[in-house]
Amino acid sequence: MAAETKKWIETVVVGLNLCPFAGSVMNAGKVRYKMSKATNHEDLFQELLEEVEYLLSSDPSVLETTFLIHPHTLTDFPLYLDFIDLAEEALEEGEMAELVQIAGFHPDYTFDDSDYDDPANYTNRSPYPPCCICCEAKAWRRRLTLTEIPKVSLFAISSRCVSLAWKKFIKCGKNVLMSEPVSPEKSLY
């Protein structure tokens, strides 16, 4: 699965020059492909936070981007987008939004207001759903070390913030975390 994702990045993202930064990062071997074993959204969220910290604590001459490939969860595209929103909120809460960016790719990627079969969607259609975590240029210019990572660690995000984020994850009458129907009276909205 990692090999298929890497080939897709080389062929589509780099080969078609869809991202002006991807080619140099790929050619320099500064991409990490991490296979997630997560089978639920909560475990994937924890893995994502760990990968962000790993990326920020890594030597920028060795690592600039991580693809956290998660074939066992978030296979539903709208739920994947909700998860990406949740991850971005966590980065903001953890004061790391200016340091990393999470890019979205998915086998069913569909841009807003486009038909599913619109050819433009294929620019973001990966063979498996990954979270692409890219370190922003500002972070590399500062050459972050572990002591320079903001004091509010992603793991120290308040339980209130995480709780609110998970509440936002309930969508379409289905509890995403438990994969069970949620009655309207139990809805958190």
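I will try to describe carefully the structure that is included in this document. Quick caveat: nothing in here was measured; it's all calculated off a predicted structure.

A separate point is the pattern of salt bridges. Applying the stated criterion across every chain yields a total of 3 salt bridges. Two residues, E51 and R32, come together in a salt bridge whose shortest N-O distance is 2.9 Å. Of the two residues, E51 is situated in helix α3 (residues 41–57) and R32 in strand β1 (residues 31–35); the sequence distance between them amounts to 19 residues. In the salt-bridge network here, residues are joined through shared partners; they are R32, K34 and E51.

Core analysis: the biggest nonpolar cluster contains 28 residues, and L48, V52, L56, F83, V100, I102 and C131 have the highest contact counts within it. Of all the secondary-structure elements, those providing two or more residues to this core are α3, α4 (77–93), β3 (100–104) and β4 (130–135). No other element matches α4, which puts 9 residues into this core. Judged by nonpolar contacts, the second largest core, of 15 residues, contains I9, A22, M26 and A103.

What follows is about the pairing of β1. In terms of strand pairing, β1 meets strand β2 (residues 65–69) through 5 bridges, oriented parallel. Counted as the bridge partner of Y33 is F67 from β2. You can see the chain leave β1, run along α3 and come back into β2, and the turn it takes is right-handed.

With 17 residues, α3 should reach 24 Å at 1.5 Å per residue; the first-to-last C-alpha distance of 24 Å fits that figure. Listed in full, the buried residues belonging to α3 are H41, L44, F45, E47, L48, L49, E51, V52, L55 and L56.

Once that is clear, we can look at the packing of aromatic side chains. One pass over the full model with this rule turns up 6 aromatic pairs. When the centroid spacing of 6.3 Å and the interplanar angle of 35° are considered together, the rings of F67 and F105 count as tilted. Residue F67 is located in strand β2, and its partner F105 is located in the loop between β3 and β4; the two are separated by 38 residues in the primary sequence. Per residue, the accessibility class of F67 equals that of F105, and both read buried.

What counts, and at which threshold
Residues numbered from 1 in each chain as written. Predicted model: local features only at pLDDT ≥ 70, side-chain atom pairs only at ≥ 80, totals over all residues. Heavy atoms only, no water. Salt bridge = Lys/Arg side-chain N within 4 Å of Asp/Glu carboxyl O. Helix = DSSP H or I, 4+ residues; strand = E, 2+ residues; numbered from the N terminus. Core = buried A, V, L, I, M, F, W, Y, C linked by side-chain atoms within 4.5 Å. Buried < 20%, exposed > 50% of the residue type's maximum accessible area, 1.4 Å probe, protein only. Pairing = 2+ DSSP bridges. Right-handed = clockwise from strand over helix to strand, strands pointing away. Expected span 1.5 Å × (residues − 1). Phe/Tyr/Trp six-rings, centres within 6.5 Å; stacked < 30°, edge-to-face > 60°.

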